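# Residue-level structure breakdown
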Amino acid sequence: MMPQKPEPDVTDLDFQSFAEYAHGRTSELVDDADLEAASLVLTLHRAAGTVVYDLESTVHRPAGWSWSGFRLLYVLWVSGPLEARHAARLSGMSRQSTSTLSKTLERHGLLTRAPRPDDGRLITYALTAEGEQRVREVYRAHNDRERLWARLLTPEERAAVVSALGKLLAAADDLEVRRRAD
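All values reported here derive from a predicted model rather than from experimental measurement.

## A closer look at the packing of aromatic side chains
Enumeration according to the criterion identifies seven aromatic pairs in this entry. One aromatic cluster in this structure is built from Trp65, Trp67, Phe70, Tyr74, Trp77 and Tyr139.

Right, here's the structure in full:
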């Protein structure tokens, strides 16, 4: 009889070693668990969260914004004025979140909110001149940070990641995936 390996203290594990431990335990707890799928989704979620937190803490918060605030301002910067529902969808947020956020950004002088002339119930968001200038400045810092992350991969690896993630996003409709902005 082989001696059993002692269980690790999970509080001492880093993400990678915890993921390995969790998958081993899951296979003991659930007979037919698809650990490859679990690993894919767990790693994808952790990687996305890590990059977003890095961008938010090094670029967006120092600029006085949240990640969500940057996303909304960026969408308006690249697209021009948008009806609130379209701004919400394109920034990946719910209409309610976008509405609340737009009021804060308006108070800071970065965007305007105006009823559409033909239907006062519909609100259009537009960047102010100050908002446009600030987004341009913050985007440069944001893109510099993106560049640091991208340099960790070869051009071939970057292309493969973008392609693979594009496949997942394109399949969302076929899988009847629920989205925040819907």
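## Here we look at the environment of Thr58
Position of Thr58 relative to the elements: it lies in helix 2 (residues 35–60). Sequence separation of Thr58 and Thr124 is 66 residues, and the distance between their C-alpha atoms is 30 Å.

## Looking at the nonpolar core
In terms of nonpolar packing, the biggest core is built from 20 residues, with Trp65, Leu72, Leu73, Leu76 and Leu105 touching the most fellow members. Listed by contribution, the elements that provide at least two residues to this core are helix 3 (67–79), helix 4 (84–91), helix 5 (95–107), strand 3 (119–127) and helix 6 (129–150). Looking at this core element by element, the count peaks at five residues for helix 3.

## Section: the pairing of strand 3
Direction of pairing for strand 1 (residues 82–83) relative to strand 3: antiparallel, over a ladder of two bridges. The residue of strand 3 that forms the bridge with Glu83 is Thr124. For strand 2 (residues 111–116) and strand 3, the ladder comprises six bridges, and the chain directions are antiparallel. When the bridges of strand 3 are listed, Arg116 appears paired with Asp119. The antiparallel hairpin formed by strand 2 and strand 3 contains two residues in its connecting segment.

Calculation criteria
- Residues numbered from 1 in each chain as written.
- Predicted model: local features only at pLDDT ≥ 70, side-chain atom pairs only at ≥ 80, totals over all residues.
- Heavy atoms only, no water.
- Phe/Tyr/Trp six-rings, centres within 6.5 Å; stacked < 30°, edge-to-face > 60°.
- Helix = DSSP H or I, 4+ residues; strand = E, 2+ residues; numbered from the N terminus.
- Core = buried A, V, L, I, M, F, W, Y, C linked by side-chain atoms within 4.5 Å.
- Buried < 20%, exposed > 50% of the residue type's maximum accessible area, 1.4 Å probe, protein only.
- Pairing = 2+ DSSP bridges.

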